[in-house]
Amino acid sequence: DAMRGTFTQPNGNGRTVFSSTADVSTLLQRHGAGSYRLNMVTQDNIVNLNDAATFANWYVVVFYRQNQQPPRSLSLLDGFDTVGAATSQTAVLRNFLVPVGGFDAKLAAVAHDGDFDTVGDALSVNGMALTDAQNPANNFFNATHSYLGAAVTTAGDLPQYDGKAGSLNGLDLDVVDIAPRLKSGDTQATVLASTSGDGYFLSSVVGSVSTFKPIFWDTSKTWKNLTRADGSVLFGDTTGYTVVTHTTGIATGVA
């Protein structure tokens with residue numbers, strides 16, 4: 001698919017970096033799970049180059065439905081925004097209602113040019129810094145690939161990194177638990193990317209938050225000719241319709 005939504009930025013070392021997005025839904029639906037490779041992308045020669053500000057990588061964000069799961073509000077904010085000592089970036093997750101009782105909320109953040117040996121960068125939700133076993137509060141973007149505090153390494157990745165701090169080159173791809181930063185009744189969450197020392201580019205913010213709502217996906221409609229039973233329908237016949245629906249969400253639906 002053709003790239004779209006291309007953003008370019010100077011990276012501070014005399015080069016220009018860029019990010020592009022493309023809708024690959026059809027490809028993933030057609031080919032299913034497995035390893036994918038991106039090619040035909042022009043880039044600088046990075047062989048033996050010790051420079052985290054020069055990077056070449058790609059990732060895919062997938063939204064999916066599972067009927068047995070509770071309803072969640074999904075958000076995707078995509079860009080390529082500079083974060084520096086004088087420039088922070090804010091994103092707002094909306095369109096959810098945090099339910100009473102148990103709920104879950106996750107945030108995925110993708111950034112480029114985060115240095116594990118330069119501190120000062122932070123990611124916060126509703127004014128509280130995010131941190132876990134792989135991402136310190138004062139060095140969140142530290143060249144990691146992590147999921148809920150565990151380093152991620154995936155067979156088939158080329159090259160296959162261990163996901164720990166400093167293992168990736170110019171890329172951070174982290175999923176963190178933000179449920180402690182939310183409370184019942186919340187309808188939005190403010191995400192702030194900032195730094196007091198390390199500069200980086202914020203590429204994507206993806207949110208998944210439990211939400212209090214009915215879900216009416218499984219609705220069926222049938223009809224029957226009440227006047228005749230030969231399968232035909234003529235002018236003046238009376239037909240009856242039956243609609244069967246139920247909610248798989250956690251809120252009561254109203255017809």
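Here the structure is a predicted model, which is why all the values come from computation and not from measurement. (Residues numbered from 1 in each chain as written. Predicted model: local features only at pLDDT ≥ 70, side-chain atom pairs only at ≥ 80, totals over all residues. Heavy atoms only, no water.)

**Examining the sheet that holds strand S7 (residues 128–129)**
Read across the open sheet, the 4 strands follow the order S4-S11-S6-S7; overall the sheet is antiparallel. Edge strands, defined here as strands with exactly one partner in the open sheet, are strand S4 (89–93) and S7. As paired strands, strand S6 (residues 121–125) and strand S11 (residues 189–195) are joined by 5 bridges and run antiparallel to one another. When the bridges of S11 are listed, Val125 appears paired with Val191. (Pairing = 2+ DSSP bridges. Helix = DSSP H or I, 4+ residues; strand = E, 2+ residues; numbered from the N terminus.)

**Focus: the packing of aromatic side chains**
Counted according to the given criterion, the structure contains 4 aromatic pairs. Between Phe140 and Phe141, the aromatic rings sit 5.0 Å apart at their centres with planes inclined by 75 degrees, giving edge-to-face as the arrangement. One exposure class covers both Phe140 and Phe141, and it is buried. Taken together, a centroid distance of 4.5 Å and an interplanar angle of 40 degrees make the contact between Phe141 and Tyr200 tilted. With a gap of 59 residues between them, Phe141 in the loop between S7 and strand S8 (145–147) and Tyr200 in strand S12 (residues 200–210) connect regions that are remote in the sequence. Exposure class is identical for Phe141 and Tyr200. Each is buried. Through pairs of rings, three or more aromatic residues link up here, namely Phe55, Phe80 and Phe201. (Phe/Tyr/Trp six-rings, centres within 6.5 Å; stacked < 30°, edge-to-face > 60°. Buried < 20%, exposed > 50% of the residue type's maximum accessible area, 1.4 Å probe, protein only.)

**As for the pattern of salt bridges**
Using the criterion set out here, one finds 4 salt bridges in the structure. With a closest N to O distance of 3.5 Å, Asp104 and Lys106 form a salt bridge. Under the relative-accessibility criterion, Lys106 is labelled partly exposed at 22%. Two residues, Lys183 and Asp186, come together in a salt bridge whose shortest N-O distance is 3.0 Å. Put simply, Arg72, Asp104 and Lys106 are held in one network by salt bridges that share partners. (Salt bridge = Lys/Arg side-chain N within 4 Å of Asp/Glu carboxyl O.)

**Section: the environment of Ala86**
Locating Ala86 in the fold gives a position in the loop between strand S3 (72–83) and S4. On the basis of relative accessibility, which here comes to 80%, the residue Ala86 falls in the exposed class. C-alpha separation for the pair Ala86 and Ser196, spaced 110 residues apart in sequence, amounts to 8.2 Å.

**With respect to the pairing of strand S10 (residues 171–177)**
Burial analysis of S10 places 5 of its 7 residues in the buried class, the great majority of the element. The pairing of strand S5 (residues 105–112) with S10 spans 7 bridges and is antiparallel. Among the inter-strand pairings, His112 is bridged to a residue of S10, identified as Leu171.

**Comments concerning the sheet that holds strand S9 (residues 150–151)**
Strands sit in the order S3-S12-S5-S10-S8-S9 across an open sheet of 6 strands; the sheet is mixed. Looking at the sheet topology across the chains shown, the edges are occupied by S3 and S9. Bridge analysis of S3 against S12 gives 10 bridges, and the strand direction is antiparallel. By the bridge assignment, Leu76 is partnered in S12 with Val206.

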